[in-house]
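Here's the letter readout for the chains.
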Amino acid sequence: MNSRESTVTVPLDRAIEVARLLECLTRSIDRIGSRMAGGEADAETLDRFITEWLIGPQASRARMVLWDAISQVIGEEAMEEIAEAVPKFPDAPPEEVRRLRQKLSAWQEAGGG
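Residues numbered from 1 in each chain as written. Predicted model: local features only at pLDDT ≥ 70, side-chain atom pairs only at ≥ 80, totals over all residues. Heavy atoms only, no water.

## Let's talk about the overall build of the protein
- The number of helices and strands found in the protein is five helices and zero strands.
- Each helix and strand of the protein, placed in order from N terminus to C terminus, yields the pattern α-α-α-α-α.
- Over its C-alpha atoms the protein spans a radius of gyration of 17 Å, topping by over 25% the 13 Å that the globule rule assigns to 113 residues.
- Taken along the three principal axes of its C-alpha coordinates, the protein extends 50 × 35 × 30 Å.
- For the protein, buried positions account for 13% of its 113 residues.
- Put simply, the protein shows about 9,200 Å² of open surface, and 55% of that area lies on carbon and sulfur atoms.
- Across the protein, the 14 positively charged side chains and the 20 negatively charged ones have centroids separated by 6 Å. (Helix = DSSP H or I, 4+ residues; strand = E, 2+ residues; numbered from the N terminus. Rg over C-alpha atoms; globule rule 2.2 N^0.38 Å. Buried < 20%, exposed > 50% of the residue type's maximum accessible area, 1.4 Å probe, protein only. Areas by Shrake-Rupley, 256 points an atom, 1.4 Å probe, with all protein chains shown as cover. Lys, Arg positive; Asp, Glu negative; His and termini not counted. Charge placed at Lys NZ, Arg CZ, Asp CG, Glu CD.)

Next comes the structure, spelled out in structure tokens:
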């Protein structure tokens, strides 16, 4: 199967649910990070956000929306193989994280943040 030619379909209401969670996570973590940089927050603040906002269960629900749609295209066995190959904390960060860290560092050095 050529993954470039395959399409995964997610119902609009479910796609909105996932997008809203990602928006919440992105904006909240960015806000907490900014507060941490300014000395107004710490790791406890991040922990409180994750705990009080039930981020684990929400992320799990969003993950299932995507995996359900993906498994309909590639099959459950292939989907499970992909999921098992994903690095998990406290494993070393994956290569994509190293590349992103380099890009962020270069952006910051160039005056972007």
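Don't stop here, the text continues.
## Topic: a negative patch on the surface
- Taken together, Asp68, Glu76, Glu77, Glu80, Glu81 and Glu84 make up a surface patch of like negative charges.
- With five residues, the single largest contributor to the negative patch is helix H4 (residues 76-85).
- In this structure, glutamate 77 sits in helix H4. (Patch = residues over 30% accessible without salt bridge, like charges linked within 9 Å, V, L, I, M, F, W, Y side chains within 5 Å. Salt bridge = Lys/Arg side-chain N within 4 Å of Asp/Glu carboxyl O.)

## Observations concerning the environment of valine 10
- By the element assignment, valine 10 lies in the segment before helix H1 (12-37).
- On a C-alpha basis, the gap between valine 10 and aspartate 68 in space is 8.8 Å, while along the polypeptide they are 58 residues apart.
- Non-local contacts of valine 10, meaning those with residues more than four positions away in its chain, are made with Ala15, Val65 and Ala69. (Contact = heavy atoms within 4.5 Å.)

## Comments concerning a nonpolar patch on the surface
- Where nonpolar side chains cluster on the molecular surface, the patch consists of Leu100, Leu104 and Trp107 and spans about 320 Å² of accessible area.
- Looking at where leucine 104 falls in the secondary structure, it is placed in helix H5 (residues 95-112).
- By relative accessible area, leucine 104 is classed as partly exposed at 44%.

Function-wise, these values are silent; they only describe arrangement.
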